[in-house]
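# A look at the structure
The chain contents come next:
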Amino acid sequence: MTDQTDSAVQARRREIAAEHVLFKTLEYVEARHPGLLDHIEASLDHLGDYARDDTKDDEAVRAIARKMLQGARREGTS
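A brief look at the structure comes next. (Residues numbered from 1 in each chain as written. Predicted model: local features only at pLDDT ≥ 70, side-chain atom pairs only at ≥ 80, totals over all residues. Heavy atoms only, no water.)

## Side note on helix α1 (residues 3–32)
Count 3.6 residues to each turn of an α-helix, and residues three or four apart come out pointing the same way. Our working rule: Note on conventions: DSSP H or I runs of at least 4 residues are helices, E runs of at least 2 residues are strands, and numbering of each starts at the N terminus. Given the number of residues in a helix, its expected span is that number minus one, multiplied by 1.5 Å. Burial status follows relative accessibility: with a 1.4 Å probe on protein chains alone, a residue under 20% of its type maximum counts as buried, one over 50% as exposed, and anything between as partly exposed.
Here α1 contains 30 residues, and its C-alpha end-to-end distance of 43 Å stays within 8% of the 44 Å for a straight helix at 1.5 Å per residue. Every buried residue belonging to α1 is among Val9, Phe23, Leu26, Glu27 and Glu30, and all of these are buried.

## Here's the deal with the packing of aromatic side chains
Formally: Under the pairing criterion, centres of Phe, Tyr and Trp rings, with the six-membered ring standing for Trp, must be within 6.5 Å; the plane angle then separates stacked pairs below 30 degrees from edge-to-face pairs above 60, leaving the rest tilted. By the criterion adopted, a ring carries a charge over it if an Arg CZ or a Lys NZ lies within 6 Å of its centre and within 35 degrees of its normal.
Inspection of every chain in the model, using the stated rule, returns zero aromatic pairs. Over the aromatic face of tyrosine 28 sits the side chain of arginine 32, whose NZ or CZ is 3.6 Å from the ring centroid.

## Brief notes about the side chain of arginine 62
As a reminder of what qualifies: Pairs of N or O atoms within 3.5 Å make up the polar contacts considered here, provided that, within protein, one atom can donate a hydrogen while the other can accept it, and that residues adjacent in sequence are counted only when both atoms are side-chain atoms. By the convention used here, residues are in contact when the closest approach between their heavy atoms is within 4.5 Å.
Examined against the element boundaries, arginine 62 turns out to sit in helix α3 (residues 58–77). A polar contact is formed between the side chain of arginine 62 and the backbone oxygen of aspartate 45, at a distance of 3.4 Å. Beyond its immediate stretch of four places on either side in the chain, arginine 62 contacts Leu44, Asp45 and Leu47.

## Quick notes on the environment of aspartate 38
Looking at the secondary structure, you find aspartate 38 in helix α2 (residues 36–42). The exposure class of aspartate 38 is partly exposed, given its relative accessible area of 46%. Separated by 35 residues in sequence, aspartate 38 and arginine 73 have C-alpha atoms that sit 9.9 Å apart.

## Observations regarding the pattern of salt bridges
Close approach of charged atoms lets side chains of opposite charge pair. The test is simple: The term salt bridge refers to a side-chain nitrogen of Lys or Arg lying within 4 Å of a carboxyl oxygen of Asp or Glu.
In this structure the tally under the stated criterion is six salt bridges. Of the charged contacts in the structure, one is a salt bridge between glutamate 59 and arginine 66, with a shortest N-O distance of 2.7 Å.

Set out below in structure tokens:
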């Protein structure tokens, strides 16, 4: 593997691991303190893409966050 490929693979693995830990943390806290997901959802207007080029898309970042919250809500109710 090239250094660039290895970096991309490592970044993907970190993202998968971070998402899992985040979801499980959200589920755990929401189960004990209902309202966390609502609080996070209400804050999404402040979330944005920090890119400084043509790839900048604040709404795309917010859409991903909304999907993550929807997934956490579904997992938390099952």
